[in-house]
Amino acid sequence: MAGGEEQPGAELLPFAPFPHSSTQPLTYSYGPHSLSELRAREFGRLAGTVYLDHAGATLFAQSQLTSFTQDLTENVYGNPHSQNISSKLTHDTVEQVRYRILAHFHTSPDNYSVVFTAGSTAALKLVAEAFPWVSPGPESRGSLFCYLTDNHTSVVGMRTVARAKNVTCVPIRPEDMCLAEMRGAATGDPDCQLVHLFCYPAQSNFSGTRYPLSWIGEVKSGQMCPVGVPGKWYVLLDAASYVSTSPLDLSVHQADFVPLSFYKIFGFPTGLGALLVHNRVAPLLRKTYFGGGTAAAYLAGEDFYIPRQSVAERFEDGTISFLDVIALKHGFDALERLTGGMENIKQHTFTLAQYTYTALSSLRYPNGAPVVRIYSDSEFSSPEAQGPIINFNVLDDKGIIIGYSQVEKMASLYNIQVRTGCFCNTGACQRHLGISDEMVKKHLQAGHVCGDDVDLVDGQPTGSVRVSFGYMSTLEDAQAFLKFIIAARLRPLSSQPVPQPAPGEAGAPLAESEPLSTVPATVGRCLPPPQEDTPTDSRLQDDLPTAVEAVGLHTPLPETTRTWETPSERAAGVLDGDLGPHVVTNLYLYPIKSCAAFEVTKWPVGNQGLLYDRSWMVANHNGICLSQKQEPRLCLIQPFIDLQQRIMVIKAKGMEPIEVPLEENGERAQICQSKVCADRVNTYDCGEKISIWLSKFLGRPCHLIKQSSNFQRNAKKKQHQGQSAGATATLSLVNEAQYLLVNRSSVLELQQQLTTSDENGKKELFPMKDLISRFRANIITNGTKAFEEEKWDEISIGSLHFQVLGPCHRCQMICIDQQTGQRNQDVFQKLSEYRERKVNFGVYLMHMSLDLSSRFLSVGSQVIPVSKENTECPNLPASEKHLNVTS
């Protein structure tokens, strides 16, 4: 589609008249002070980022952290179990925080006790273990544990503890509770004191549905029963999601147990929660284990133990995280100071959610089909019934769901952070997406597990997309998200550009880097020295040629020095059926993970792949591997390998070249542990000099680390049936496999899809060299049809034999221009559309065996594939079909 004409249904709903057209008065912001000023002052780190995962974790304010650290530097806080002055200060401060928490929920120590835990999950586990369950017996049918199916995993997990005590567990659907409301009180013995527990969330963390707080009193009084059996019902209200943006009045809605996590409310500290226990219930709780600080007296040599009297002292085993508890005071202070209280937060966040819901619901394709399917039990008419959470899936114009993983990757190109999956709430996910119990089991058999990116199985969604607002969220955040949906689904790639806010504005792309200056290619004749990947077998050493030709090129990756046709000529040839010889046309290695390619014409092969391919990686100050997803400027760092001098030369524009030895100094190298794709790897730091160099260029503290030569990282992928017994493939710092192969015909076909026409009708091809560089493959081949490589089972290149593991499932890194580091969403979006949202491109290879007579890959080598028609397993797990991209 040419031109920039906007399609009908792609207009952004204006906000100005929206509050007045709503069915109830809406409030945005917090009084006379500008919300943009608050954002700039307290959340400057959000500049250029749209953070929409506040239901997962909200963010702390700068003044909150500053006030806390000042408190720590001005006071001495000792262990509260001691009796010295500093310990007494800690004890008194902690008790004051308990009062502050209860006041926040409109209650007092007369009614509730605060038990600090590691979070709401730990609080739920505590209730499950301490509740006075009654097992079935001759005179009793036993206690019931009833829970709403729209509950967090941590609530459902309580049933394991209950079942261990022979307690019957009953899942209750939301619609069943509505029937229970109409059914009224249970019939039976009104004097029966058999205890039962009912758990439900004040707010669904999946959809934002707010369930009636009136259920607490109705269930406890017997006016409504989840199950029609006699007994005394206790109620646990999971408030973790609800209290993050709403006030909770426990003087009115007196739940017996209220678990919560404080980072959901004001971002810091994490790992600290509480269980609010009503004092009338506390004496019933049973405790088995006792830890430090909980005993009034006990004997080491005799089974004698007397617990402390207060609920908190009995259940807080060991020393609590007292500094984190003290931090809560500063969190409550900041919340009050910046917003004026939870009622204001409730109104502000609901206004944003209602506006976004209304705008999102109105988006239509030209054929009238909706752009999204929203999962909700409300019409977003009132904050009493709906929280600031919107759960949805994106549809194409035929109504087919686009996988949440693809939506998340696209959103990241706009610097928008969302949450995807089932959000630890399988019950709600099943209910809203229509996933049966059998389908869940089928998805598991297909390789899908909670938290992965397998978003579609047999065309059916396994999860959805969630956006959620926090107290510091702005209208600009909401509109940046809506503009992203409009740009990604309702505007042709060649028409409107990606919305480009000003630098620092919400939704702004990362700053564009200057292109790396083109430096003439250097051709060296380098002898391969002994190293970890080079076999020590003397027969191989004798067979090595006297020199290895290596061509190192700066990005963008030019074509090889061989004469190739122009892209249009090649495209025409491929489309006419002239595929040319089936040979290797280009070889690339990436010595430093996520940095620029080093192109060669002939290169040694080691046990882990091409020699020195992804042997190094750049790590941040915490030792976490950096990739272009977090730091696109990595592509501007150009490594060159000199085998003869046994060094790697690293260059970047504006920086003096720096040398790094290919091998570690065994005496000086300090081994440290890092992670690559959940694998533990032993690495060593390459020194302060290169660390300073990288930190200066990237503008952040970082280090260069290398995989240790005596560490073996085994591949997880299954070995080929024909591979010798006991043979285990080993990996460098790659993500999945030893090699990545890309077919030129596949690139050419994608190039045709990306072809656009300017206003004069002139076609503009996406540069071929740009496309090849984006896919960061090791081996580029020619001479076969587009995507034919995905049908291969094995492949021979020269005398080397490889197993084809499967397609490479692409991430948003292919949207990064390897010459400039600038992001552009077109490649990912078009690939997703063209390949029916699989976003697969290229195939992974692994050595089947190593022929000792030749350990080199060369440009021009013949490629002989073997089809997998007769060997492919029909029920291949999804996890094998969707392999992650090699960075």
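Higher on the page you've got the structure.
Since this is a predicted model, take the numbers as computed values, not measurements. (Residues numbered from 1 in each chain as written. Predicted model: local features only at pLDDT ≥ 70, side-chain atom pairs only at ≥ 80, totals over all residues. Heavy atoms only, no water.)

1. Focus on the overall build of the chain
Selection criterion: Segments assigned H or I by DSSP are reported as helices when at least four residues long, segments assigned E as strands when at least two residues long, and all are numbered from the N terminus. Burial classes: relative accessible area under 20% of the type maximum marks a residue as buried, over 50% as exposed, and values in between as partly exposed (1.4 Å probe, protein chains only). A 1.4 Å probe and the Shrake-Rupley method give the accessible areas. Residues count as covered only by the protein chains that appear here.
The helix and strand tally for the chain stands at 24 helices and 43 strands. Looking at the chain as a whole, 56% of its 887 residues qualify as buried. If you sum the accessible surface of the chain, you get close to 37200 Å²; carbon and sulfur atoms cover 51% of it.

2. Regarding the sheet that holds strand S26 (residues 638-642)
The line we're drawing: When DSSP finds at least two bridges between two strands, those strands are taken to pair. The convention used is that axes are lines fitted to C-alpha atoms, helices contributing only their stretch in contact, and that angles between N-to-C directions extend from 0 to 180 degrees. Between two residues, a contact is recorded if the distance between any of their heavy atoms is within 4.5 Å.
An order of S26-S27-S28 is seen for the three strands of this open sheet, with the pairing classed as antiparallel. Of all strands in the sheet, those bounded by a partner on one side alone are S26 and strand S28 (658-661). Neighbouring strand axes in the sheet, compared pairwise and without regard to direction, differ in orientation by 25° on average. Seen against the sheet, helix H20 (residues 688-698) touches strand S27 (647-651) and S28 and runs at an angle of roughly 135° to S28.

3. Digging into a nonpolar patch on the surface
To be explicit about the condition: Patch criteria: residues need more than 30% relative accessible area and no salt bridge. Like-charged residues are merged within 9 Å; nonpolar side chains of Val, Leu, Ile, Met, Phe, Trp and Tyr are merged within 5 Å. For this document, the term salt bridge refers to a Lys or Arg side-chain nitrogen within 4 Å of an Asp or Glu carboxyl oxygen.
On the surface, a nonpolar cluster with roughly 240 Å² of combined accessible area is contributed by Leu299, Phe304 and Ile306. Of note, Leu299 is situated in strand S9 (residues 295-299). Take Leu299: its relative accessible area is 41%, and that puts it in the partly exposed class.

4. Here's the deal with the state of the cysteines
Structurally, a disulfide amounts to a covalent bond that connects the sulfur atoms of two cysteines. Quick note on the threshold: A pair of sulfur atoms, both from cysteines and within 2.5 Å, is called a disulfide here.
Scanning all chains against the criterion turns up one disulfide. Across the disulfide, Cys422 is cross-linked to Cys429 (sulfur-sulfur distance 2.1 Å). Disulfide Cys422-Cys429: the torsion about the S-S bond is -50°, which places it as left-handed. For the pair shown, Cys422 and Cys429 are each scored as buried.

5. Observations concerning the packing of aromatic side chains
Counted only if it meets this: For this analysis, a ring pair means two rings from Phe, Tyr or Trp (six-membered ring only for Trp) whose centres lie within 6.5 Å, classed as stacked if their planes differ by under 30 degrees, edge-to-face if by over 60, and tilted for the remaining angles. Remark: a charge is flagged as sitting over a ring if the NZ atom of Lys or the CZ atom of Arg is within 6 Å of the ring centre and within 35 degrees of the ring normal.
What the rule picks out here adds up to 29 aromatic pairs. Aromatic pair Phe43 and Tyr471: ring centres 6.0 Å apart, planes at 70°, arrangement edge-to-face. Of this pair, Phe43 sits in the loop between helix H2 (35-42) and strand S1 (50-51) while Tyr471 is found in the loop between strand S18 (464-468) and helix H17 (475-489), placing the two residues 428 residues apart along the sequence. Site record: aromatic cluster; members linked through ring pairs are Phe131, Trp133, Phe145, Tyr147, Tyr234 and Phe257. A cation over a ring is seen here: Arg633 above Phe697, with NZ or CZ 4.2 Å from the ring centre. Its guanidinium or amino end placed over the ring of Phe640, Lys651 lies 5.0 Å from that ring's centre, counting from NZ or CZ.

6. Section: the environment of Thr683
The topology assignment puts Thr683 in strand S30 (residues 679-685). Linking Thr683 and Ile705, residues 22 residues apart in sequence, is a C-alpha distance of 6.1 Å.

7. Thoughts on empty space enclosed by the protein
Filter applied, for reference: Method remark: on a 1 Å grid restricted to protein atoms, a set of points is classed as a cavity if a 1.4 Å probe fits but cannot get out and as a pocket if it is open with protein on both sides within 12 Å along at least five of seven lines; lining residues have an atom within 4 Å of a point. Grid points are joined across faces, edges and corners, and a volume is the space filled by probe spheres set on the points. Only Asp, Glu, Lys and Arg are considered charged, only Ala, Val, Leu, Ile, Met, Phe, Trp, Tyr, Cys and Pro nonpolar, and every remaining residue, Gly among them, polar.
Under the definition given, this model contains three cavities of 30 Å³ or more. Here the largest cavity defines a volume of roughly 80 Å³. In terms of residue class, the lining of the largest cavity is made up of five nonpolar, eight polar and one charged.

8. Comments concerning the pattern of salt bridges
Using the criterion set out here, one finds 23 salt bridges in the structure. Salt-bridge contacts for Arg41 lead to Glu42; the nearest nitrogen and oxygen are separated by 3.8 Å. With a relative accessible area of 4%, Glu42 lands in the buried category. Here Asp92 ties to Lys88 by a salt bridge, and the two come within 2.9 Å at their closest N and O atoms. Of this pair, Asp92 and Lys88 both sit in helix H4 (residues 85-104), four residues apart, roughly one helical turn. Bridged by salt links that share partners, the residues Arg173, Glu175, Asp176, Asp377 and Arg431 form one connected network.

9. Considerations on the packing of helix H13 (residues 342-362) against H17
We apply this condition: By the definition adopted for this analysis, an angle is roughly parallel if under 35 degrees, roughly antiparallel if over 145, roughly perpendicular if from 65 to 115, and oblique otherwise. Handedness of a helix crossing follows the sense of rotation of the near helix relative to the far helix, less than a right angle counterclockwise being left-handed and clockwise being right-handed.
It is the contact of H13 with H17, at a shortest axis distance of 10 Å, that shows an interaxial angle of 15°. Between H13 and H17, the angle falls in the class roughly parallel. As H13 packs across H17, the resulting crossing turns out to be right-handed. Facing H13, whose interface residues are Leu352, Tyr355, Thr356, Ala359 and Leu360, H17 presents Leu475, Ala478, Gln479, Phe481, Leu482 and Ile485. Broken down by class, the residue content of the contact of H13 with H17 amounts to nine nonpolar, two polar and no charged.

10. Observations concerning the pairing of strand S12 (residues 389-395)
The buried fraction of S12 amounts to seven of the seven residues, a majority that puts the element mostly inside the structure. Alternating residues of S12 divide into Ile389, Asn391, Asn393 and Leu395 and Ile390, Phe392 and Val394, and every residue in both groups is buried. Across three bridges, the pairing between strand S11 (residues 372-374) and S12 is antiparallel. Looking across to S12, one finds that Arg373 is bridged to Asn393.

11. Quick word on the packing of H4 against helix H12 (residues 322-339)
Remark: H4 packs on H12, axes separated minimally by 9 Å, with the N-to-C direction vectors making an angle of 40°. By the angle between their directions, the pair H4 and H12 is classed as oblique. Seen along the crossing, H4 lies across H12 with a hand that is left-handed. Here Thr90, Thr93, Val94, Val97, Arg100, Ile101 and His104 of H4 come into contact with H12, specifically with Phe322, Val325, Ile326, Leu328, Lys329, Phe332, Asp333, Leu335 and Glu336. The residue inventory of the contact of H4 with H12, partitioned by class, reads nine nonpolar, three polar and four charged.

12. What about the nonpolar core?
Stated formally: The definition of a nonpolar core used throughout is a set of buried Ala, Val, Leu, Ile, Met, Phe, Trp, Tyr and Cys residues joined through side-chain atoms within 4.5 Å.
Core analysis: the largest hydrophobic core is formed by 77 residues, its most contacted members being Leu360, Phe392, Phe481 and Phe484. The leading source of residues in this core is H17, at 10 residues. Among residues more than four places away in sequence, those in contact with Phe484 are Val407, Met410, Ala411, Tyr414 and Ile416.

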